[in-house]
Amino acid sequence: MAHDPYKALYLHIPFCVKRCGYCDFAATAAAADAPAMDEYVESLVLDIRRASKEGELGALETVYIGGGTPSHLGIARLSSLLYALSLSMHLTPEVECTMEANPESLTVPMVRDIWALGVNRLSIGVQSFDDGVLRRLGRAHDGDGARRAVAAAQARFENVSVDLMCGIPGQSAASFEASVREAVSLGVTHVSVYPLTIEPHTPFDRAVMRGEMAEPDEDEEAAAMEAARLILENAGFQRYEVASYARPGFESRHNTAYWTGVPYLGLGASAVTMTQNADRRMRVQDGRVVDDLDARQMAAEDLMLAMRMARGVADETVAAAAKRLPDAPAVFDELAALGLVRHVGGRWRPTDVGWLCGNELYGRLLDLAP
């Protein structure tokens with residue numbers, strides 16, 4: 001179908017030094033000298049050049065190199081990838097270019113080189129600064145390694161994010177809150193906080209099935225998310241998305257694109273591409289259509305996605321959606337009566353309770369156009 005131009009590009013790197021027990025991403029453990037990594041990067045470079053020739057990279061505003069662990073590729077492979085990218089699109093300072101990194105493979109020389117090649121935002125997979133918790137997760141780094149990685153990133157980058165996880169079996173509330181405070185004290189500009197979920201067919205799932213590990217406690221996770229909010233907001237961070245906090249001006253523009261219906265191109269194994277026009281939205285993964293929405297379903301999905309963002313959705317947007325979804329205004333009134341949203345300043349915004357009861361909030365909006 002003829003589609004609107006892509007505004008965001010996602011590049012997937014499916015390699016890690018080791019797989020974590022909770023991970024169900026498209027990733028595989030690989031040695032640093034594995035030929036498979038060279039072959040993959042060469043293939044990805046060809047995909048980037050092909051997309052450029054077809055005019056698909058001309059309107060990009062954000063790039064995100066995720067995984068897996070992109071930093072595990074090493075600087076030679078990253079350099080060839082970033083060089084190809086810079087030749088194929090306008091990788092100007094105005095384009096937000098994020099790369100994910102893990103502490104065990106991020107070094108000061110790598111930081112300098114990727115900065116010089118156009119990366120301007122680093123997202124570091126820390127999860128915790130507590131050595132015992134990191135061992136339980138099967139992470140390849142310890143707390144000191146995480147601290148060194150943040151310091152290495154800050155040798156060039158002002159825009160540094162860390163990921164933290166709550167709800168880990170055996171993780172105390174004090175341990176989690178200490179990690180959140182440590183992220184603040186290290187001077188990062190963005191923090192993402194995720195509750196642990198036990199995904200099917202992972203080692204953690206098998207451990208739960210054997211009775212060797214307790215399932216995450218939803219009440220404890222909710223309490224941890226609330227504790228993180230209080231710590232981060234008191235430190236000057238703003239919660240702009242259900243799991244994301246940033247100092248003013250450091251919100252992730254790429255992640256925001258996913259929640260605001262922006263067309264995106266995904267390159268690499270398992271990467272998802274979203275194409276759309278006024279009448280249709282399709283998501284394609286590995287050559288298969290995984291989503292095919294008509295205009296009514298698009299409108300309902302856009303309302304749902306907007307509820308992941310603190311700014312919510314404007315009255316005018318709800319009124320426009322109501323032309324296709326006549327029940328939309330009444331549903332927002334119902335959600336407000338349940339305490340899941342509130343109406344402030346001409347916008348419907350999710351409440352903290354709404355975010356904690358996300359399945360109910362998001363499901364009710366998607367049900368406008370089943």
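Calculation notes
Residues numbered from 1 in each chain as written. Predicted model: local features only at pLDDT ≥ 70, side-chain atom pairs only at ≥ 80, totals over all residues. Heavy atoms only, no water. Phe/Tyr/Trp six-rings, centres within 6.5 Å; stacked < 30°, edge-to-face > 60°. Helix = DSSP H or I, 4+ residues; strand = E, 2+ residues; numbered from the N terminus. Buried < 20%, exposed > 50% of the residue type's maximum accessible area, 1.4 Å probe, protein only. Lys NZ or Arg CZ within 6 Å of the ring centre and 35° of its normal. Pairing = 2+ DSSP bridges. Patch = residues over 30% accessible without salt bridge, like charges linked within 9 Å, V, L, I, M, F, W, Y side chains within 5 Å. Areas by Shrake-Rupley, 256 points an atom, 1.4 Å probe, with all protein chains shown as cover. Salt bridge = Lys/Arg side-chain N within 4 Å of Asp/Glu carboxyl O. Lys, Arg positive; Asp, Glu negative; His and termini not counted. Charge placed at Lys NZ, Arg CZ, Asp CG, Glu CD. Polar contact = N/O pair within 3.5 Å; in protein donor to acceptor, adjacent residues only side chain to side chain.

Trainee: So, the packing of aromatic side chains: which residues are in play, and what are the values?
Mentor: Summed over the entire model, instances satisfying the criterion amount to 5 aromatic pairs. On the basis of an interplanar angle of 25° and a centroid distance of 6.2 Å, the ring pair of Tyr10 and Tyr64 is categorised as stacked. With Tyr10 in strand E1 (residues 8–13) and Tyr64 in strand E4 (residues 62–67), this residue pair connects regions lying 54 residues apart in the sequence. Side by side, Tyr10 and Tyr64 carry an identical accessibility label, which is buried. Pairing Tyr258 with Tyr264 gives two aromatic rings, centres 4.7 Å apart and planes at 90°, and the pair type is edge-to-face. Since its relative accessible area comes to 22%, Tyr258 is described here as partly exposed. Tyr264 gets classed as buried once you look at its relative accessible area, which sits at 9%. The cationic tip of Arg308 hangs over the ring face of Trp259; the distance from NZ or CZ to the ring centre is 4.0 Å.

Trainee: Describe the sheet that holds strand E16 (residues 341–344), listing the residues and the values that go with them.
Mentor: Strands in a sheet are paired, the pairing made by backbone hydrogen bonds, and the direction either parallel or antiparallel. Strand order in this open sheet of 3 strands is E15-E17-E16, and the pairing throughout is antiparallel. Whereas interior strands pair on both sides, the edge strands pair on one side only; in this sheet they are strand E15 (313–314) and E16. Note that E16 and strand E17 (residues 347–350) share 4 bridges and pair antiparallel. Within E17, the position partnered with His343 by the bridge is Trp348.

Trainee: Give a detailed account of a negative patch on the surface, specifying residues and quantitative values.
Mentor: A grouping of Asp217, Glu218, Asp219 and Glu220 is seen on the molecular surface, where their side chains present a negatively charged patch. Here Glu218 is to be found in helix H8 (residues 218–234).

Trainee: Before we move on, could you go through the side chain of Glu241 and cite the residues and values that matter?
Mentor: Locating Glu241 in the fold gives a position in strand E9 (residues 238–241). Side chain to side chain, Glu241 and Trp259 meet in a polar contact 3.5 Å long.

Trainee: Go over the pattern of salt bridges, please, and point to the residues and values.
Mentor: Within this structure, the stated rule accounts for 16 salt bridges. The partner of Asp352 in a salt bridge is Arg239, with the nearest N and O atoms 3.6 Å apart. Residue Asp352 is found in helix H13 (residues 352–356), and its partner Arg239 is found in strand E9; the two are separated by 113 residues along the sequence. In this structure Asp352 comes out as partly exposed when scored by relative accessible area, which is 29%. For Arg364, the salt bridge identified is with Glu334, shortest N-O distance 3.1 Å. Taken together, the residues span a long stretch of sequence, with Arg364 in helix H14 (residues 358–366) and Glu334 in helix H12 (residues 328–337) at a distance of 30 residues. Three or more residues joined by partner-sharing salt bridges are found here, namely Glu226, Arg229, Glu233, Arg239 and Asp352.

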